[in-house]
Amino acid sequence: SASEIFGSKTAMSGYTYDDLICLPGHINFGVHDVALGSRFTKKIALKTPIVSSPMDTVTESNMAIAMALEGGIGVIHTNLPIETQAQEVARVKKYKAGFILEPRCVPPTMTIEDLDKLKSTLGFTGFPVTENGQMGAKLLGLVTKRDTDFIVDRKTRLSQIMTPCANLVTMFEGCDLYEANDLLQKSKKGKLPIITKSGLLVALVARTDIKKNVDFPNATKHPVNKELLVAAAIGTRPADRERVKALVAAGVDAVVIDSSQGDSVFQHEMVKWIKSQFPDLQVVAGNVVTKKQAQNLIECGADALRVGMGIGSICTTQEVCACGRAQASAVYNVAKLARLYGVPILADGGISSPGHIVKALSLGAGAAMCGSLLAGTAETPGEYFYSEDGKRLKRYRGMGSIDAMKKGSDDRYFGTAAAIKVAQGVSGTVQDKGSIHKYIPYLTQGLKHGMQDIGAQSVDQLQSMLQEGHLRFELRSAAAQREGGVHGLHSFERKLFD
Ligand code: XMP
């Protein structure tokens, strides 16, 4: 059992997810009967136990919207000016299914050649043309593949080939999605701009979106006003109190205190201050890896804890600072303590497959917080580019990389006042993973298969099995780990899902 593995007096090692394997149990239910409902904080439940990391290459509003629609939650990073971060939160709260509230617009002076470049980086093909190329300006027309396909001179300006406003169907703001849908069907158009009485563009409705995803049964929503839930990261500087106020005014549901070592007097004061000013706001504190650190933050009033130190894919903390803990040991130990207080924990970092999420939940986590696993999806910040060998890539960087710290995240590593910034992370690239709306369903399906193999029909049942010692693990030797991966082939191709 986990208590035998982690509690053994002779155990000298910290264990990682890969050091362990779950032994199968008895299956008496189908994979579709597995429920993944779990907790992000004391008061916020999730139907999908996956959280996107507060990193500037992972979570801004597009990601937070997609994560919440898929039943998880996104934490908007804090490397942004206060007002910008608050606007990102407000965008999630304002989201209305089916309405694209900030469609990418283009100016009438743009050439088809430049539009082609934009299309290849963004991956969609229809754009509203507005007076100044910005959202909220006067709508002049729409330009889609049909307008540009057969034009030989790619230097032609969009004003000459766009479908002008007079030939478009439009609706006025305030309409609902059913009316919009109806008009799109009757008119057989692909895109429906929503405008004010004076012709300013306020939103766009796309036929493809309506067909795809009006209904998200797992969405993480407020039970009454139905707004999507969203979290945002903050630091521990005195100025961060202003940040909290702005985020609350924008409607944030939880704040996540972003620190590589959470058991600091700065964080204790921040948690207590937030709980005294905004008792209903959920506070996720961390990061911690020991019971003592966790106990201190729980006593300050934390509503959840983030667990992990130096084990993320982009982290160099353990190398540079000699501090941290192997993640399976950290998750098990902190979860055991936090459970006594009813405080959920997030297993943060080091997750590179659905199997790692199964293990994190099996060791007591309420949800897995992921950076690299979700980086490279369409909804993350940043644009795709191509490597020399033709791979479609996006940037992914640690918040402790020098580049990220220069944007503000040095507070996470207590580096604000330091003359020399010491990197605790690296910058890199990851391959295109497509949309979160395809990727999260793949992860959750993998997760369900794993829980079915173990014989647990819900996360609650899995964790009861953990407590009662019915959940069995085995430690894996290096050879066992090799055996558990693909081996013995000359070459192979790995397709993750279909
Ligand atoms: P993954 O493995 O999901 O890890 O990519 C994401 C988590 O790693 C933490 N993080 C860092 N840790 N240096 C660190 O030591 C860094 O530069 C860094 N950036 C992020 C963070 O907890 C995140 O959720």
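Being a predicted model, the structure only gives us computed values, none of them experimental.

Engineer: Even after reading the chapter, I still don't get the pattern of salt bridges, so can you show me in this structure?
Structural biologist: Side chains carrying opposite charge are able to pair once their charged atoms draw close together. In total, this model carries 24 salt bridges according to the counting rule given. We note a salt bridge from aspartate 410 to lysine 421, for which the minimum N-O separation is 2.8 Å. Remark: lysine 421 occurs in the loop between α15 (402-406) and β21 (427-431) and aspartate 410 occurs in the loop between α15 and β21; sequence separation between them is 11 residues. Aspartate 410 sits in the buried class, given a relative accessible area of 7%. Lysine 421 gets classed as partly exposed once you look at its relative accessible area, which sits at 31%.

Engineer: So what exactly am I meant to see when it comes to the pairing of strand β14 (residues 254-257) here?
Structural biologist: Both faces of the sheet carry side chains from a regular strand, because those side chains alternate between them. Side chains Ala254 and Val256 project from β14 onto one buried face, and the interleaved Val255 and Ile257 project onto a second face that is buried too. As paired strands, strand β13 (residues 231-234) and β14 are joined by four bridges and run parallel to one another. Within the sheet, the bridge partner assigned to alanine 231 lies in β14 and is alanine 254. In the classification by handedness, the crossover that spans β13, the intervening helix α9 (residues 240-250) and the parallel β14 is right-handed. Two strands pair when backbone bridges link them, and β14 and strand β15 (residues 282-288) are joined in this way by three bridges, in the parallel orientation. Its bridge partner lying in β15, valine 256 is registered against valine 284. Since β14 and β15 lie parallel, the crossover through helix α10 (residues 265-277) that links them has a hand, and here it is right-handed.

Engineer: What should I look at first to understand the layout of surface pockets in this one?
Structural biologist: Vacant regions in the atomic arrangement are exposed by a probe of water-molecule size rolled over the atoms. Quantified by volume, the second largest pocket comes out at close to 810 Å³. Lining the second largest pocket are 29 residues, with Ser353, Pro354, Gly355, His356 and Arg494 sitting closest to its centre. Of all the secondary structure elements, the ones that give two or more residues to the lining of the second largest pocket are β1 (20-22), α14 (354-362) and α16 (436-454). Among the elements that line the lining of the second largest pocket, the one with the most residues is α16, at eight residues. Of the residues belonging to the lining of the second largest pocket, the class tally is 13 nonpolar, 10 polar and six charged.

Rules behind the numbers
- Residues numbered from 1 in each chain as written.
- Predicted model: local features only at pLDDT ≥ 70, side-chain atom pairs only at ≥ 80, totals over all residues.
- Heavy atoms only, no water.
- Salt bridge = Lys/Arg side-chain N within 4 Å of Asp/Glu carboxyl O.
- Helix = DSSP H or I, 4+ residues; strand = E, 2+ residues; numbered from the N terminus.
- Buried < 20%, exposed > 50% of the residue type's maximum accessible area, 1.4 Å probe, protein only.
- Pairing = 2+ DSSP bridges.
- Right-handed = clockwise from strand over helix to strand, strands pointing away.
- 1 Å grid on protein atoms, 1.4 Å probe; cavity = no way out; pocket = protein on both sides within 12 Å on 5 of 7 lines; lining within 4 Å.
- Points joined across faces, edges and corners; volume = space filled by probe spheres on them.
- Nonpolar A, V, L, I, M, F, W, Y, C, P; charged D, E, K, R; others polar.

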